[in-house]
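# Inside the fold
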Amino acid sequence: MDLDLWWLLLLPGFFLLGWLAARVDMRAVLKQAKSIPAGFFRGLDALVEDKTDIAAQALTEVVRQQASSLELQFTLGKLYRKRGENDRAIRLHQSMLDSADLADEHRDAVYFELARDFRKAGLVDRAEEILVKLLNGNMALQARRALLDIYQQDRDWSKAIDTARELLSDAHSFQHEVAQFYCELAQGELFRSSLDSARELVDKALQANRKCVRASLLKGDIEFADGHIEAAIAAWQNIEKQNFDYLSMAAERLFDAYEKLGKPAEGIALLRGYQKTFPQLELTDLLYQKTAAYEGETKALEAARESVHARPTLSGVYRLIEAQMGALSLEGRMDAEVARAVLQKHAQRLLVHRCKCCNFRSRAFFWHCPACGEWESFTPNRSETH
Ligand SMILES: [Zn+2]
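What this report covers is the structure whose coordinates are included nearby. Quick caveat, the model's predicted, so the values are computed rather than measured. (Residues numbered from 1 in each chain as written. Predicted model: local features only at pLDDT ≥ 70, side-chain atom pairs only at ≥ 80, totals over all residues.)

## Notes on helix α8 (residues 124–133)
Short version of the rule: With C-beta atoms placed from the backbone, a residue is labelled by how many other C-beta atoms lie within 10 Å of its own: buried for 20 or more, exposed for 12 or fewer, partly exposed between the two. Per the convention used, a helix needs a DSSP run of H or I reaching at least four residues, while a strand needs a run of E reaching at least two, with both numbered from the N terminus. The directions considered for the arc run from the helix axis to the C-beta atoms. By definition, residue pairs are in contact when their C-beta atoms, positioned from the backbone, come within 7 Å.
Three or more residues of α8 are buried, namely Ala127, Glu128, Ile130 and Leu131. Viewed along the axis of α8, the buried residues span an arc of 165°, placing them on a single side of the element. In α8, the exposed positions angled more than 90 degrees off the buried face are occupied by Asp125 and Glu129. The inward-facing, buried residues of α8 contact α7 (104–120) and α9 (140–153).

This is the structure in structure tokens:
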């Protein structure tokens, strides 16, 4: 019993020890906080306020005092680049490389930053030269990705294909991109009328990605240019199996091919079938023109009316009004003119292709989004609702 009471007397001692330990820890924390220069916090605060000029000034001062802080120098380099002060970024990274303190394992990372500086400054050749040298080190993956970007920007598709193949991983096969790179090459060959090599390249595109719609479009163009009209039709019709949304891009080509074979009625029937099965395709205008040319205005108007009533669109209603202008009274025509003008104004604003990745809108269609760099991300039919 006496022994138990004696133990109780020790309790305040434990509390005292705990309190002392906490106090020592706090002191260490405060000491560490004091060792971070005030300029660092000033720079951080300015960054939060988006005042990058003050941030760059404050952090430059800190780096001058503590030249050994590697992470801070990396941040400062990025900040210079963001502000467009590429010269300062280049000088900073070069001085890091010259420093005797830089450990070997960080050397490649600094070179990588220097390559980014050169690229931002428009000195792409110098950036490429550095990145190629990094391909065997610990920054190989980042360097290869940056090189792929550069080759696409330079339209150096052969190098882009090789680089994408080397980047191939479980997470990203790059087959989608490789097919587009082959299409770019094929397009160039078609432009130079080298039909055989264009054909070879398109086949390679389809081997990389059998769903590549652009390859089918090109394949049809090549066969058409070579006088193989039926083969061209087969290539374009293949788009239905790949991604039917793109059929509107092949529609006029298909009709021209049937016309060349002397079978315009078959061409019109095919397009009508597409319109019925895939009402989201933009075919009303084309069908109206071709039907009017081969079957007369009355038939064309009937067909346009049927499709617009089934799925009203701005361009369809516009076409409907225009087709009936001639039959209206003078007053009726004046009213229709106003309606047509309003429709046209809205259609010009709303009828655009849209990038599904970054929402960039454009009246022209692109296979490669000029805003975000994604491939095949543009809507093939100009959206009216989004
Ligand atoms: Zn985009």
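From this point, the discussion proceeds with the structure in view.
## Let's talk about the nonpolar core
Applicable threshold: Here a nonpolar core is just a set of buried residues of the types Ala, Val, Leu, Ile, Met, Phe, Trp, Tyr and Cys, joined wherever their C-beta atoms sit within 7 Å.
Within the largest apolar cluster, 78 residues are counted, with the highest numbers of intra-cluster contacts made by Ala115, Tyr182, Ala186, Val202 and Ala205. Aside from chain neighbours lying at most four places away, what touches Tyr182 is Ile161, Leu201, Lys204, Ala205 and Ala208.

## Thoughts on the packing of helix α4 (residues 52–65) against helix α5 (residues 70–82)
Just so we agree on the cut-off: Lines fitted to C-alpha atoms define the axes here, with helix axes fitted over just the stretch in contact, and angles between the N-to-C directions of these axes take values from 0 to 180 degrees. Orientation labels follow simple angle bins: below 35 degrees gives roughly parallel, above 145 gives roughly antiparallel, 65 to 115 gives roughly perpendicular, and whatever is left gives oblique. The handedness criterion is simple: a crossing whose near helix is rotated anticlockwise from the far helix by less than a right angle is left-handed, and one whose near helix is rotated clockwise is right-handed.
For the pair α4 and α5, the least separation of the axes is 10 Å and the interaxial angle reads 150°. If you check the angle between α4 and α5, you find them roughly antiparallel. In the packing of α4 onto α5, the handedness of the crossing is left-handed. Where α4 approaches α5, its residues Thr52, Ala55, Ala56, Leu59, Thr60, Val62 and Val63 are matched on the opposing element by Leu72, Gln73, Thr75, Leu76, Leu79, Tyr80 and Lys82.

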